[in-house]
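Take a look at the letters that make up each chain.
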Amino acid sequence: YTGLLDHIRKAFAKANKDKGAKPAYFSANSEGACPVCGGSGVIETQLGFMETVESCCEACQGRRFNDEVLAYRLGGRSIADVLDMSVTEALEFFSRGETRLLAASRILARLTDVGLGYLRLGQALTTLSGGEAQRVKLAAELQKRSTGRTLYVLDEPTTGLHFEDIRKLLAVLHRLVDAGNTVVVIEHNLDVIKSADWIIDMG
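Residues numbered from 1 in each chain as written. Predicted model: local features only at pLDDT ≥ 70, side-chain atom pairs only at ≥ 80, totals over all residues. Heavy atoms only, no water.

Visitor: Give me the nonpolar core: which residues, what numbers.
Guide: The biggest cluster of nonpolar side chains holds 46 residues, and the ones touching the most others in it are F26, F94, L121 and L138. Sorting the residues of this core by element identifies α1 (4-15), α2 (67-71), α3 (79-83), α4 (87-93), α5 (102-113), α6 (130-142), β3 (151-155) and α7 (163-178) as the ones contributing at least two each. Of the residues forming this core, the biggest block, six residues, is contributed by α7. Those residues in contact with L121 that sit more than four places away from it in its chain are L4, L5, I8, V82, L83, M85, V87, A90 and L108. (Core = buried A, V, L, I, M, F, W, Y, C linked by side-chain atoms within 4.5 Å. Buried < 20%, exposed > 50% of the residue type's maximum accessible area, 1.4 Å probe, protein only. Helix = DSSP H or I, 4+ residues; strand = E, 2+ residues; numbered from the N terminus. Contact = heavy atoms within 4.5 Å.)

So, in structure tokens, the structure goes:
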């Protein structure tokens, strides 16, 4: 959704180019995947008429990559270490010293702006709630150059958010409106409702 992992893969490949590394090695869906679990980090066991059971892959210990790829380092971290970082941790990591990566930092800052600092970089999209998925899309949209003529429709984007994260999200929504865009939000949260220019109450 955001293109963040592409930048990280390229940074790993560049840091390890003397060892012949290439970006595809650092994708769990490609050449660098653990050969036992296929890059999922888990082994699924079919139990006939019962539900499928998932267990941690013993070969990669749930890290999803083969041993050769896990040996490559960026700022002393493996690709599995980086994907296990939260957005907040990764923003700090890619904003300093030898691991400074401006393109990644911009995306991570937008994810933080919409209250997603707690998400793990390697977290599967299928594990996100509806509100989280919308905020990921919103963060991706915020990276684009604003035309001031965009209509954003959000459905309960504050679901599960802490009060401080709601405040951050509201600041982002106000920025969009101030730039001339229109934001329509379906919401029950009173902090969001009271900051709207217009309210349509459907009982």
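Moving on from the coordinates now.
Visitor: Lay out the pattern of salt bridges in plain terms, naming residues and giving numbers.
Guide: Applying the stated criterion across every chain yields a total of nine salt bridges. With its nearest N and O atoms 3.2 Å apart, the salt bridge here joins D6 to R9. With D6 and R9 both in helix α1 and three residues apart, this pair spans about one turn of that helix. Look at D6 and you get partly exposed, because its relative accessible area is 42%. Between D191 and K194 there is a salt bridge whose closest N-O contact spans 3.5 Å. Taken as a pair, D191 and K194 lie in helix α8 (residues 190-194) at a separation of three residues, close to a single helical turn. Here D191 falls in the partly exposed class, since its relative accessible area comes to 30%. One connected set of salt bridges, linked through shared partners, spans R110, D113 and R175. (Salt bridge = Lys/Arg side-chain N within 4 Å of Asp/Glu carboxyl O.)

Visitor: A description of α5 should follow, citing residues and the corresponding values.
Guide: Here α5 is twelve residues long and its end C-alpha atoms lie 16 Å apart, about the 16 Å a rise of 1.5 Å per residue gives. Among the residues of α5, those classed as buried are A104, S105, I107, L108, A109, L111 and T112. For α5, the elements touching its buried residues are α1, α4, α6 and α7. Positive phi shows up at G115, right after α5, with a value of about 80 degrees. (Expected span 1.5 Å × (residues − 1).)

Visitor: An account of the layout of surface pockets is needed here, citing residue identities and associated values.
Guide: In this structure, the largest pocket spans a volume of roughly 830 Å³. As for the largest pocket, its lining consists of 22 residues, of which V184, V185, A196, W198 and I199 are closest to the centre. If you list the elements that add at least two residues to the lining of the largest pocket, you get α7, β4 (182-186) and α8. With five residues, the single largest contributor to the lining of the largest pocket is β4. (1 Å grid on protein atoms, 1.4 Å probe; cavity = no way out; pocket = protein on both sides within 12 Å on 5 of 7 lines; lining within 4 Å. Points joined across faces, edges and corners; volume = space filled by probe spheres on them.)

Limitation: the analysis is restricted to geometry and does not speak to function.
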